[in-house]
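Chains, contacts and geometry: an overview
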2 protein chains.
Amino acid sequence: MADMDADASVLLARLIRGVRVAALGTLRQGAPLVSMVAILPEPDFSAVCLHVSRLAWHTQDMLADPRVSLSIAELDDGRADPQTLARVALRGEATKLPGEGETFERLKTAWLARFPESAVTFELADFSFWRVVPRDARFVAGLGRTFNLSPESLRRAAI
Amino acid sequence: MADMDADASVLLARLIRGVRVAALGTLRQGAPLVSMVAILPEPDFSAVCLHVSRLAWHTQDMLADPRVSLSIAELDDGRADPQTLARVALRGEATKLPGEGETFERLKTAWLARFPESAVTFELADFSFWRVVPRDARFVAGLGRTFNLSPESLRRAAI
């Protein structure tokens, strides 16, 4: 796959680390459903973590079929042409993580640092962490600058 | 389906009319793909229009399977809890519109008023308008305020 220049790589890392809410695509009765979710990327971009309730439609969808897509987009700043906004679409599989252990504690600490108001969700039995592990990514760095990325290219952008 | 109170209805109309870019979920080889797209809602909320290139993955997807979802979300303003951001997820079918005629001219005028920098896309043969007609919608007006809406409820919010 075509690899990114240094500028695009910096832009991608800023996008993935800076954007707090993303659009999650799941399969619901075979059709797409897109929901807004809060996200926490792993520092090495090997996965993007979600903390979701099993009562939510998208969680039920991921339990039924792990194939998901996650669009992380620069916020619309009112510019004349919003097609120049940077965005990356990940495609991959979602896996539910256990509600205890070292990984859970590490993610909980990072999640609460990013989303301090979400403390209450850790008191509720229906919330769990999920990891979305990308199989590939399509990064639009602006008009006409599109890169198809492998998981390895994503990880290189994290360095 | 549960109907909205007046406050929620005003919030929904502001969201659908005010947000310029949305997350489009399509089916790609049976898996979800989420892409950022510019949107133009019909004034009566009977549909949301897109102006897309047939070279784009999401357009190829819609040609292969018309089932889509569209998430229209309030911009993250940095608030402590982004889960309180308003958003609506439409689910429905996408249809390609002809590149001439009264509807085309009306949409072109409205599109250029909203996206003045996109004039060049009307010179390119590969761009077309598409209509996403919602079959239903799920509106999250804030934490714990979720409404399942029919197309009729959506239209009532447009008045």
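See the structure printed just above.
Keep in mind it's a predicted model, so treat the numbers as computed, not measured. (Residues numbered from 1 in each chain as written. Chains lettered and ligands numbered in written order. Predicted model: local features only at pLDDT ≥ 70, side-chain atom pairs only at ≥ 80, totals over all residues. Heavy atoms only, no water.)

Here the focus is the overall build of chain A. On a plain count of helices and strands, chain A comes out with four helices and eight strands. Taken from the N to the C terminus, the helices and strands of chain A come in the order α-β-β-β-β-α-β-β-α-β-β-α. Taken along its principal axes, the extent of the C-alpha atoms in chain A is 45 × 35 × 30 Å. Considering chain A as a whole, with its 159 residues, one finds that 57% of them fall into the buried category. Look at the contacts in chain A between residues 6 or more apart in sequence, and 66% of them connect residues 24 or more apart. Roughly 7100 Å² of accessible area belongs to chain A as shown, and the carbon and sulfur atoms make up 55% of that amount. Here chain A holds 19 positive side-chain charges and 20 negative ones, and the gap between their average locations is 2 Å. (Helix = DSSP H or I, 4+ residues; strand = E, 2+ residues; numbered from the N terminus. Buried < 20%, exposed > 50% of the residue type's maximum accessible area, 1.4 Å probe, protein only. Contact = heavy atoms within 4.5 Å. Areas by Shrake-Rupley, 256 points an atom, 1.4 Å probe, with all protein chains shown as cover. Lys, Arg positive; Asp, Glu negative; His and termini not counted. Charge placed at Lys NZ, Arg CZ, Asp CG, Glu CD.)

Time to look at the pattern of salt bridges. This structure, assessed with the given rule, holds 20 salt bridges over all chains. Across the salt bridge formed by Arg131 of chain A and Glu42 of chain A, the nearest N and O atoms sit 3.1 Å from each other. Remark: Glu42 of chain A occurs in the loop between strand E3 (40–41) and strand E4 (48–53) and Arg131 of chain A occurs in strand E7 (residues 127–140); sequence separation between them is 89 residues. A salt bridge links Arg20 of chain B to Asp76 of chain A; the nearest nitrogen and oxygen atoms lie 2.8 Å apart. Pair noted here: Arg20 of chain B is in the loop between helix H1 (6–18) and strand E1 (21–28) and Asp76 of chain A is in the loop between strand E5 (67–73) and strand E6 (87–96), and the two residues belong to different chains. Accessibility expressed as a relative area gives 13% for Arg20 of chain B, which makes it buried. (Salt bridge = Lys/Arg side-chain N within 4 Å of Asp/Glu carboxyl O.)

Bringing the environment of Pro134 of chain B into the picture now. Residue and element names in this part refer to chain B. The residue Pro134 is located in strand E7 (residues 127–140) in this model. Expressed as a C-alpha distance, the spacing of Pro134 and Leu90, which sit 44 residues apart in the sequence, is 5.7 Å. In contact with Pro134, other than residues within four places in its own chain, are Phe45, Ser46, Ala47, Leu90, Arg91, Gly92, Pro151 and Leu154.

Under the fitted operation, chain B is carried onto chain A by 0.0 Å of movement along the axis and a turn of 180 degrees, and the coordinates agree to an RMSD of 0.0 Å. Both chain copies can therefore be described as sitting about a two-fold axis. Interface overlap between copies: 100% of the residues of chain B at the interface are likewise at the interface in chain A, consistent with a symmetric, same-surface contact. (Least-squares fit on C-alpha atoms with pLDDT ≥ 70 in both.)

Positioned with a positive phi, Phe45 of chain A is a non-glycine residue whose angle comes to about 60 degrees. Mapped onto the fold, Phe45 of chain A is located in the loop between E3 and E4. Assessed through its relative accessible area of 4%, Phe45 of chain A is described here as buried. Non-glycine residue Gln29 of chain B carries a positive phi angle of around 50 degrees. Relative to the elements of secondary structure, Gln29 of chain B occurs in the loop between E1 and strand E2 (31–38).

The next subject is the side chain of Asp61 of chain A. Residue and element names in this part refer to chain A. Among the structural elements, Asp61 can be located in helix H2 (residues 57–64). Polar side-chain contacts of Asp61 include one of 2.7 Å to the side chain of Thr26. Setting aside residues up to four positions removed in sequence, Asp61 forms contacts with Thr26, Leu27, Arg28 and Leu33. (Polar contact = N/O pair within 3.5 Å; in protein donor to acceptor, adjacent residues only side chain to side chain.)

Moving on, we get to the interface of chain B and chain A. At the junction of the two partners, chain B supplies 39 residues and chain A supplies 39 residues. Summed over both sides, the interface of chain B with chain A buries roughly 3500 Å², with 62% coming from carbon and sulfur. Among the residues of chain B in contact with chain A, Pro32, Val34 and Met36 of chain B are the three that bury the most area, contributing 20% of the side total. The tally of links between chain B and chain A comes to six residue pairs in polar contact (both at pLDDT 80 or more). (Buried area = accessible area lost by both parts, 1.4 Å probe.)

All names here are of chain A. Enumeration according to the criterion identifies twelve aromatic pairs over all chains in this entry. Their ring planes at 65 degrees and their centres at 6.3 Å tell us that Phe104 and Phe122 sit as a pair that is edge-to-face. Separated by 18 residues along the polypeptide, Phe104 in helix H3 (residues 102–114) and Phe122 in the loop between H3 and E7 bring together distant segments of the chain. For the pair Phe104 and Phe122, one class covers both residues: buried. (Phe/Tyr/Trp six-rings, centres within 6.5 Å; stacked < 30°, edge-to-face > 60°.)

All right, on to the environment of Asp44 of chain A then. Residue and element names in this part refer to chain A. Relative to the elements of secondary structure, Asp44 occurs in the loop between E3 and E4. Judged by relative accessible area, Asp44 falls into the partly exposed class, the value being 37%. Considering only alpha carbons, one finds Asp44 and Ala13, 31 residues apart in sequence, at a separation of 9.9 Å. Residues in contact with Asp44, not counting those within four places in the same chain, are Arg155 and Ala158. Within the local environment of Asp44, its side chain forms a polar contact with the side chain of Ser46, the two groups lying 2.7 Å apart.

Quick look at helix H2 (residues 57–64) of chain B now. Residues and elements named next belong to chain B. Of the positions making up H2, those classed as buried are His58, Thr59, Asp61 and Met62. Down the axis, H2 shows its buried residues gathered within 160 degrees of arc, on one side only. Facing away from the buried side of H2 by over 90 degrees, the exposed positions are Leu63 and Ala64. As for H2, its buried residues are in contact with E1, E2, strand E4 (48–53), strand E5 (67–73), strand E6 (87–96) and E7. (Arc of directions from axis to C-beta.)

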